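What follows is the residue order along each chain.
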Amino acid sequence: MKLRKISVAAAAALVLSLTATACGDDNNDSSRTGSGSGKKIRVGIKYDQPGLGLKEPDGSFSGFDVDVATYVAKELGYEPDQIEFIETKSSDRENALARGDVKFIAATYSITDERKQKVDFAGPYLLAHQDLLLNQDSDIVDGTDLNGKKLCSVAGSTSAQSVKSKIAPKAQLKEYSSYSECIAALKSGAVDAVTTDDSILAGFAAQEQYKGQFKLAYLKLSNENYGIGVKKGDTATVDKINEALKKMVSDRAWDQALKDNFGLAYSYDPSSKIGVVKD
Ligand code: GLU
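Reference entry: report on the structure contained in this document. Counting of residues starts from 1 at the beginning of each chain's written sequence and follows it residue by residue. Per-residue local features of the predicted model are confined to residues with pLDDT of at least 70, and side-chain atom pairs are confined, for both listing and counting, to 80 or more; whole-chain, interface and lining totals are unaffected and use all residues. Neither water nor hydrogens contribute to the side-chain values; these are computed over all heavy atoms in the structure.

1. Looking at the overall build of the protein chain
Item 1. Across its full length, the protein chain holds eight helices and 16 strands.
Item 2. In this scheme, a residue with accessible area under 20% of its type's maximum is buried, one over 50% is exposed, and one in between is partly exposed, where area comes from a 1.4 Å probe on protein chains only. When burial is assessed residue by residue, the protein chain has 52% of its 279 residues classed as buried.
Item 3. Only the protein chains shown count as covering a residue, and every accessible area follows the Shrake-Rupley method with a 1.4 Å probe. Of the roughly 12200 Å² that the protein chain leaves accessible, carbon and sulfur atoms contribute 48%. A run of H or I in DSSP becomes a helix once it reaches four residues, and a run of E becomes a strand once it reaches two; helices and strands are each numbered from the N terminus.

Below, the structure written as structure tokens:
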């Protein structure tokens, strides 16, 4: 299919000046297990978002969030084989952190004031925008065409919330638990559009099995600043992750991860890079 490249303003980590982490970590939470070489860290990602967080058929993981999470984990002292990736769906993220199921979450997780009441965030490390994915022959051109249409998004996402509150309050919103279910519904004609971040939609559209099937509307309906979610109050980990993100940007691993994962579907325009690492 002809998937037009979309440009994205990619936000590097807005790393706050670090305060000393002399208070250290609490090593008692269940998201980290064992000690010495047998220790593990549990990290929340998405399992079904190509280019971002994907569990491959062979059980390995790929995507930009996976690469960011792997880099961050290394900076926290964990090699790739010491990471246990746990699926954290959009509606599970706050609870997974509160329960201590995972040490941190890198899962297309937008930083919002509402979420900041429940979790802390490091970053942001990428800027995406809410958009629409449509079938090629769709006549929907903008948000005003959506009222009365069947629109799919995911429960617990900023995308679903903004449909209800501003983008298309009169659309028939179907909230599934994952974007892959929405994509299947779009393919079958059960819904007229899928809405979420352009980064996610582009990743699906670029999949071999969907070639020629879908198109993006390129509406930039919002700014979605992806952060790394951490348990509320764990400022030591937030500080360490911000340091790791800053390093990832400065040693170019971040650019490389972007190229590796969004090469086909999602072009990164360096001139639109808005997130400047702050020392
Ligand atoms: N970035 C948005 C959010 O955090 C949509 C993507 C998602 O559901 O993970 O809600």
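2. Notes on the pattern of salt bridges
Item 1. We count a salt bridge whenever a side-chain nitrogen from Lys or Arg sits within 4 Å of a carboxyl oxygen from Asp or Glu. The final tally for this structure, using the stated rule, is twelve salt bridges.
Item 2. One salt bridge connects Arg 42 with Glu 84, and the closest N-O pair in it is separated by 3.8 Å. Of this pair, Arg 42 sits in strand β3 (residues 40–45) while Glu 84 is found in strand β7 (residues 83–87), placing the two residues 42 residues apart along the sequence.
Item 3. By relative accessible area, which is 33% here, Glu 84 ends up partly exposed.
Item 4. Taking the shortest distance from any N to any O, the salt bridge between Asp 101 and Arg 99 comes out at 2.8 Å.
Item 5. For Asp 101, a relative accessible area of 27% corresponds to the partly exposed category.

3. Quick look at the site of the ligand
Item 1. Neighbouring the ligand are 17 residues, the closest being Lys 46, Ser 90, Thr 108, Tyr 179 and Asp 197.
Item 2. Pairs of N or O atoms within 3.5 Å make up the polar contacts considered here, provided that, within protein, one atom can donate a hydrogen while the other can accept it, and that residues adjacent in sequence are counted only when both atoms are side-chain atoms. Contacts to the ligand include Ser 110, whose side-chain N or O atom sits 2.7 Å from a nitrogen atom.
Item 3. Residue Arg 115 places a side-chain N or O atom 2.8 Å away from an oxygen atom belonging to the ligand.
Item 4. Relative to its unbound accessible surface of 280 Å², the ligand loses 100% to contact with the protein.
Item 5. Elements represented by at least two residues in the shell around the ligand include exactly α4 (158–167), β13 (193–197) and β15 (224–231).
Item 6. Each residue gets one of three labels, nonpolar for Ala, Val, Leu, Ile, Met, Phe, Trp, Tyr, Cys and Pro, charged for Asp, Glu, Lys and Arg, and polar for the others, Gly among them. Its residues placed into classes, the shell around the ligand shows five nonpolar, seven polar and five charged. Near is defined per residue: the residue qualifies when any heavy atom it owns lies within 4 Å of the molecule or strand.

4. Focus: the sheet that holds strand β5 (residues 53–55)
Item 1. Spatial strand order, β4-β5-β6: three strands in an open sheet with antiparallel pairing. Two strands close off the open sheet at either side, each with one partner strand: β4 (48–49) and β6 (61–62).
Item 2. At least two DSSP bridges between two strands are needed for those strands to be called paired. As paired elements, β4 and β5 share two bridges and run antiparallel to each other. Of the residues in β5, the one forming a bridge with Asp 48 is Leu 54.

5. Quick word on the packing of helix α1 (residues 64–75) against helix α8 (residues 253–262)
Item 1. Look at α1 against α8: their axes get within 9 Å of each other, and the N-to-C directions meet at 155°. If you check the angle between α1 and α8, you find them roughly antiparallel. Judged by the twist between their axes, the crossing of α1 over α8 is right-handed. Within the contact between the two elements, α1 uses Phe 64, Asp 67 and Tyr 71 and α8 uses Ala 253, Trp 254, Ala 257, Leu 258, Asn 261 and Phe 262.
Item 2. Within the contact of α1 with α8, the residues separate by chemical class into seven nonpolar, one polar and one charged. Axes, fitted as lines to C-alpha atoms, cover a helix only where it is in contact. Angles between the N-to-C directions of the axes lie from 0 to 180 degrees. Roughly parallel means an angle under 35 degrees; roughly antiparallel means over 145; roughly perpendicular covers 65 to 115; every other angle is labelled oblique. Should the near helix be turned counterclockwise from the far one by less than a right angle, the crossing is left-handed, whereas a clockwise turn marks it as right-handed. In this description, contact between two residues means that some pair of their heavy atoms is separated by no more than 4.5 Å.

6. Here we look at unusual backbone geometry
Item 1. Along the chain, Gly 123 connects to Pro 124 via a cis peptide bond; the corresponding omega equals 10°.
Item 2. Summarising the element assignment, Pro 124 is placed in strand β9 (residues 119–128).
Item 3. Positive phi values are uncommon outside glycine, yet Thr 108 reaches one of about 45°.
Item 4. With respect to the helices and strands, the residue Thr 108 is situated in the loop between β8 (104–105) and α3 (113–116).
Item 5. In this structure, Tyr 218 is a non-glycine residue whose phi angle is positive, near 55°.
Item 6. Among the structural elements, Tyr 218 can be located in the loop between β14 (214–216) and β15.
Item 7. On the accessibility criterion, Tyr 218 (27% relative accessible area) is partly exposed.

7. Points about the sheet that holds β13
Item 1. With mixed pairing, the five strands of this open sheet are ordered in space as β12-β11-β13-β10-β14. Each having just a single partner strand, β12 (172–176) and β14 make up the two edges of the open sheet. Between one strand axis and the next, the sheet turns through 30° on average, direction left out of account.
Item 2. The pairing of strand β11 (residues 150–154) with β12 spans five bridges and is classified as parallel. Residue pairing for β12: Val 154 is matched across the bridge by Tyr 176.
Item 3. Together, β10 (130–135), β11, β12, β13 and β14 form the strand contacts of helix α5 (residues 179–188), whose direction differs from that of β13 by roughly 150°.

It is worth stressing that arrangement in space is one thing and function is another; only the former is reported here.
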